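In case you want the letters, here they are:
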Amino acid sequence: MYTQGLDQKTKTSDKPGPLEGPEQLAEFQARVDAEEKIEAKDWMPEAYRRTLVRQISQHAHSEIIGMQPEGNWLTRAPSLKRKAILLAKVQDEAGHGLYLYSAGETLGVSRDQMVADLLAGRAKYSSIFNYPTLTWADIGAIGWLVDGAAIMNQIPLCRCSYGPYARAMVRICKEESFHQRQGFEIMLELSKGTDAQKEMAQDAFNRWWWPSLMMFGPGDKDSKHSAQSMAWKIKRFSNDELRQKFVDVTVPQAQFLGLRVPDDDLHYNDETGHYDFGEIDWQEFLDVLAGNGPCNRQRMAQRTRAHEDGQWVRDAARAYAARQRAKAA
Ligand SMILES: [Fe+2]
Ligand SMILES: [Fe+2]
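Position labels on residues start from 1 in each chain and follow its written sequence. Going through the entries in the order they are written, you letter the chains from A and number the ligands from 1. At least 70 in pLDDT is required for a residue's local features to be given in this predicted model, at least 80 for side-chain atom pairs to be given and counted, and no such filter applies to totals for whole chains, interfaces and linings, which use all residues. Computation of side-chain values: all heavy atoms of the structure, hydrogens and water removed.

Just checking my understanding: could you explain the layout of surface pockets for this structure?
Empty space left among the atoms is revealed by rolling a probe the size of a water molecule over them. Empty space within the largest pocket amounts to approximately 440 Å³. Elements are defined by DSSP. Helices are runs of H or I of four residues or more, strands are runs of E of two residues or more, and each kind is numbered from the N terminus. Going through the elements one at a time, helix H3 (67-71), helix H4 (80-105), helix H5 (111-119) and helix H12 (296-309) are the ones with two or more residues in the lining of the largest pocket. If you tally residues by element for the lining of the largest pocket, the top one is H12, at six residues. Split into classes, the residues belonging to the lining of the largest pocket amount to eleven nonpolar, four polar and six charged. Buriedness of a pocket was judged along seven lines, with at least five required to meet protein on both sides within 12 Å; pockets are open sets of points on a 1 Å grid over the protein atoms alone, cavities are sets where a 1.4 Å probe fits but cannot get out, and lining residues have an atom within 4 Å of a point. Grid points are joined across faces, edges and corners, and a volume is the space filled by probe spheres set on the points. Each residue gets one of three labels, nonpolar for Ala, Val, Leu, Ile, Met, Phe, Trp, Tyr, Cys and Pro, charged for Asp, Glu, Lys and Arg, and polar for the others, Gly among them.

Honestly, unusual backbone geometry in this entry has me stumped. Any pointers?
Glycine aside, residues mostly have negative phi angles, and peptide bonds mostly take the trans form. The phi torsion at Glu35 lies on the positive side, around 65°, for a residue other than glycine. Position of Glu35 relative to the elements: it lies in the loop between helix H1 (22-33) and helix H2 (46-65). The backbone of Lys233 shows a phi angle near 55°, a positive value even though the residue is not glycine. Among the secondary structure elements, Lys233 is positioned in the loop between helix H9 (226-231) and helix H10 (239-257).

Is there a simple way to think about the state of the cysteines in this case?
Linking two cysteines covalently through their sulfur atoms gives a disulfide. Here, a disulfide means two cysteine sulfur atoms that sit within 2.5 Å of each other. Per the stated rule, a full pass over the model turns up zero disulfides. Looking at the unpaired Cys173, the closest cysteine sulfur is the one in Cys158, lying at 3.8 Å. Under the scheme applied here, a residue whose accessible area is under 20% of the maximum for its type counts as buried, over 50% as exposed, and between as partly exposed, the area being computed with a 1.4 Å probe on protein chains only. Residue classification places Cys173 among the buried residues on the basis of a relative accessible area of 6%.

What exactly am I supposed to notice about the packing of H4 against helix H6 (residues 136-154) here?
Axes are the key here: two packed helices are described by the angle between their axes and the distance separating the axes. Here H4 crosses H6 at 40°, and the two axes come no closer than 13 Å. Compared by their axis directions, H4 and H6 come out oblique. Handedness of the crossing formed by H4 with H6: left-handed. Here H4 contributes Arg82, Leu86, Lys89 and Glu93 to the contact with H6, which in turn contributes Trp136, Ile139, Ile142 and Asp147. Of the residues assigned to the contact of H4 with H6, the class counts are four nonpolar, no polar and four charged. Between N-to-C directions, angles cover 0 to 180 degrees, with each direction set by a line fitted to C-alpha atoms, over the stretch in contact for helices. Orientation categories follow fixed angle ranges, with anything under 35 degrees roughly parallel, anything over 145 roughly antiparallel, 65 to 115 roughly perpendicular, and all other angles oblique. Crossings are sorted by hand: turned counterclockwise from the far helix by less than a right angle, the near helix makes the crossing left-handed, and turned clockwise it makes it right-handed. Contacts are assigned to residue pairs with any non-hydrogen atoms lying within 4.5 Å of each other.

Looking at this model, I keep getting lost on the coordination of the iron ion (ligand 2). Mind explaining?
Geometry reference: four tetrahedral donors at a metal, ideal angle 109.5 degrees. Six octahedral donors, ideal angles 90 or 180 degrees. Coordination of the iron ion (ligand 2) by the protein involves Glu93 (OE), Asp147 (OD), Glu176 (OE) and His179 (ND1), with metal-donor separations of 2.0 to 2.2 Å. Around the iron ion (ligand 2) sit four donor atoms; with metal-centred angles ranging over 87 to 161°, the donor geometry is irregular. Water is not among the atoms examined, so metal sites may look incomplete; donors are the N, O and S atoms within 2.8 Å of the metal, or within 3.2 Å for Na, K and Ca. Counting gaps between the donor residues of the iron ion (ligand 2) yields the pattern E-x53-D-x28-E-x2-H. Here the iron ion (ligand 1) and the iron ion (ligand 2) are spaced 3.4 Å from one another, each receiving a donor from Glu93. Here Glu176 lies in helix H7 (residues 163-191) and Glu93 lies in helix H4, a separation of 83 residues in the sequence. As far as burial versus exposure is concerned, Glu93 and Glu176 are alike and both buried. Irregular is the default label, applied whenever a site is not tetrahedral (four donors, all angles between 85 and 135 degrees) and neither square planar nor octahedral (four or six donors, opposite donors over 155 degrees apart, all other angles between 65 and 115).

Explain the coordination of the iron ion (ligand 1) here, please?
Those donors, Glu63 (OE), Glu93 (OE), His96 (ND1) and Glu176 (OE), are the protein atoms that reach the iron ion (ligand 1), and they lie 2.0 to 2.2 Å from it. For the iron ion (ligand 1), the four donor atoms in the first shell make angles of 84 to 144° at the metal, so the coordination geometry reads as irregular. All donors of the iron ion (ligand 1) belong to a single chain; written as a sequence motif, their spacing is E-x29-E-x2-H-x79-E.

Would you mind going over the pattern of salt bridges with me for this structure?
Salt bridges are defined as contacts in which a side-chain nitrogen from Lys or Arg sits within 4 Å of a carboxyl oxygen from Asp or Glu. The final tally for this structure, using the stated rule, is 19 salt bridges. Its salt-bridge partner being Glu70, residue Lys89 comes within 2.7 Å of it at the nearest N-O pair. With a gap of 19 residues between them, Lys89 in helix H4 and Glu70 in helix H3 connect regions that are remote in the sequence.

Help me understand the packing of aromatic side chains, please; the structure alone is not making it clear to me.
Remark: the centre distance and the inter-plane angle together describe each pair of aromatic rings, the angle taken between the planes. Centres within 6.5 Å make a pair out of two Phe, Tyr or Trp rings, where for Trp the six-membered ring is used; the pair is then stacked when the planes are under 30 degrees apart, edge-to-face when over 60, and tilted otherwise. On inspection of all chains with the given rule, the structure shows 13 aromatic pairs. Between Phe28 and Trp43, the ring centres sit 6.1 Å apart and the planes meet at 80°, which makes this aromatic pair edge-to-face. With Phe28 in helix H1 and Trp43 in the loop between H1 and H2, the pair connects residues that are 15 residues apart, well separated along the chain. Measuring from centroid to centroid gives 5.5 Å for Phe216 and Phe246, while their planes differ by 45°, and the two rings are tilted. Separated by 30 residues along the polypeptide, Phe216 in the loop between helix H8 (195-214) and H9 and Phe246 in helix H10 bring together distant segments of the chain. The exposure class assigned to Phe246 is buried, which follows from its relative accessible area of 2%. Every member of this aromatic cluster is reached through a ring pair, and the members are Trp144, Phe184, Phe205, Trp209, Phe216, Phe246 and Phe256. Any Lys NZ or Arg CZ that is within 6 Å of a ring centre and within 35 degrees of that ring's normal is treated as a charge sitting over the ring. The residue whose ring lies beneath Arg76 is Trp73, and the NZ or CZ to ring-centre distance is 4.0 Å. Across the ring face of Phe237, the terminal group of Lys245 is positioned such that the distance to the ring centre comes to 4.1 Å.

Below, the structure is given as structure tokens:
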């Protein structure tokens, strides 16, 4: 899971580095325009590298922090089957984090550094994970909506100009589509259930709908890095284009479930062939981004605790590696 809107928030200079002449930059752009993949050892503008480090590390952090809201229901899943499915899904997210930290490392930043930046509050993760999971239906809503929105963002990233990131996204997207289906299936089951179950599904939908739309980031007119990212073919569609696609795909699914979209302004526009929808509460988005969402502090405290608890594992792995090296020498 990941929101591309996040990358609007961290500052990156677009100034050329010391050895970046106009010819070199033009040559690089020509490779990108020709849809050639840029690989780890290829020359790249410093601003391109920094943009990718910011985006990939935020993406990795989101996968790891995103395990928390769903992990909250692992011990309370309603059946053994549900528990096994959810466990597999949460483990997938850990795997996504690992591929992405590895992709980030190809750009010359260590995983230790990326993690340190997260724990010190210098790096962000997707704001969606700062909302609580109050009922079992939230697990359905997250898979259906949050993983669904993530897929919209991530399918185009499979064609990203940076090879290691693009290749990591191929496998991630396959797994995300399983996540989306498992969430939808939970919602389907609840929507065919008792009145209380239907109400629970509607309540979860009401709480997750708007934050899911925010996952695509600020509107195009407020999206600072978008134009450069599009030119570099890191990004293929604008925030608003992706958000519209998500709404167009998801509204009929909600209708199929018999759920009401919590938006009085939502209607199908015959002229455009798209759904028009109401105004997003951007103040809420900014508040959560600034650290004041319902669970920001809890999420960071838990991640910090998990990191500290894992110190002995890292120490043991390093000691073992040192012994192996000594033996080989
Ligand atoms: Fe994921
Ligand atoms: Fe996922």
